[in-house]
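Working through the structure, step by step
Okay, here's what each chain looks like letter by letter:
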Amino acid sequence: MKNFKTLSRLSLALATLLTIQSAVAADEPWTEDARAVATGVSPKLLQVLTDAIAKSGAADAVTVCQDVAPKMAKVASEQSGWQIRRVSLRNRNPKAVPDAWERETLEDFDRRAAAGEPAASLERTTVQTVDGKALQRYMRALPTQGMCLSCHGSADQLAPGVAERLKALYPEDRAVGYSLGQIRGAMTLKRAP
Ligand code: HEC
């Protein structure tokens, strides 16, 4: 009898848990919109960087990235109505520092990736209340691919001239020493609906 009670209590707890889980997992339209914007920006930047590397080498592409990445985020922000930027726990751009929720999310991404979730599809959302108004927030992980390591890898992986260029442009750079597939940072979006 006692066992039966425990069992039914357990299954009740499980049912509640599943309900909560599915409530969290269900995508709201704003989440889908944020995802579409975030997944649209990265390939464009990747293409610009790949072209720049092919044309004039990785060292010059560092300058291109410095110039183009914030501009592309600005254009995408104006077009979509989301405020878009990139952040990292080990940032290169001195402004790419995460706020409290972004930091917690990046740490969560690292944990989930270590537990075996595919890094490229890691995302997290929340709705915060700021000054009495709702703020929708979305983050998506940016794991490294092979080409990223020419500018974010260990000293022996950096392309020729990159270390010197980084030293000149980003004296406080913390964004080297990454390995393949490691989460380099995240795309972060927010908007007041
Ligand atoms: C040609 C060199 C180069 C390559 C290749 C490159 N990056 Fe970067 N990355 C940079 C530079 C330079 C910045 C700083 C841009 C700025 O000033 O906003 C940066 C910034 C970032 C940021 C923003 C956070 C921060 O630390 O400032 C992320 C995230 C990032 N890179 C991820 C990647 C990923 C993922 C790849 C591969 C898909 C990649 N990068 C490939 C040069 C590069």
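Residues numbered from 1 in each chain as written. Predicted model: local features only at pLDDT ≥ 70, side-chain atom pairs only at ≥ 80, totals over all residues. Heavy atoms only, no water.

**Let's talk about the confidence of the model for the protein chain**
Should pLDDT be low for a region, the predicted coordinates there are not to be read in detail. We apply this condition: The predictor attaches a confidence to each residue, called pLDDT, with possible values from 0 through 100. Any two residues whose heavy atoms approach within 4.5 Å are treated as being in contact.
In this model, the protein chain carries a mean pLDDT of 90, and residues with pLDDT of at least 70 account for 87%. Counted against residues more than four places away or in other chains, residues 16-24, with its pLDDT under 50, gives 0 contacts.

**Let's talk about the nonpolar core**
Worth spelling out the cut-off: Side-chain atoms within 4.5 Å are what join buried Ala, Val, Leu, Ile, Met, Phe, Trp, Tyr and Cys residues into a set we call a nonpolar core. For every residue, the accessible area (1.4 Å probe, protein chains only) is compared with the maximum for its type, and the residue is labelled buried under 20%, exposed over 50%, or partly exposed between those bounds. Every helix listed is a DSSP run of H or I at least four residues long, and every strand listed is a run of E at least two residues long, numbered separately from the N terminus.
Counting 11 residues, the largest nonpolar core consists of Trp30, Ala34, Val37, Ala38, Val41, Ala76, Trp82, Ile84, Tyr138, Met187 and Leu189. Elements that contribute at least two residues to this core include exactly helix 2 (29-56) and strand 4 (183-191). Looking at this core, the element that brings in the most residues is helix 2, giving 5 residues. Dropping the residues within four chain positions of it, alanine 34 is found in contact with Trp82, Tyr138 and Leu189. By size, the runner-up hydrophobic cluster in this structure holds 10 residues, among which are Trp101, Phe109, Ala119 and Leu122.

**Observations concerning the packing of aromatic side chains**
Note the threshold: Aromatic contacts are taken between Phe, Tyr and Trp rings whose centres are within 6.5 Å, Trp giving its six-membered ring; a plane angle under 30 degrees counts as stacked, one over 60 as edge-to-face, and the others as tilted. Placement of a charge over a ring requires the Lys NZ or Arg CZ to be within 6 Å of the ring centre, with the centre-to-atom vector within 35 degrees of the ring normal.
In total, this model carries 1 aromatic pair according to the counting rule given. With 6.2 Å between their ring centres and 35° between their planes, tryptophan 30 and tryptophan 82 make a pair best called tilted. Placement of the pair is tryptophan 30 in helix 2 and tryptophan 82 in the loop between helix 3 (58-80) and strand 1 (83-87), with a sequence separation of 52 residues. Among the residues examined, tryptophan 82 registers a relative accessible area of 1% and is labelled buried. Note that arginine 90 overlies the ring of tyrosine 178, its terminal NZ or CZ placed 4.2 Å from the centroid.

**Focus on the pairing of strand 4**
It is a general feature of regular strands that their side chains alternate between the two faces of the sheet. Using the following cut-off: Strand pairing is assigned whenever DSSP detects at least two bridges linking the two strands.
With respect to burial, strand 4 is a largely interior element, 7 of its 9 residues being buried. Taken together, the 5 bridges between strand 1 and strand 4 define a ladder with antiparallel strand orientation. Looking across to strand 4, one finds that isoleucine 84 is bridged to leucine 189. Direction of pairing for strand 3 (residues 133-143) relative to strand 4: antiparallel, over a ladder of 8 bridges.

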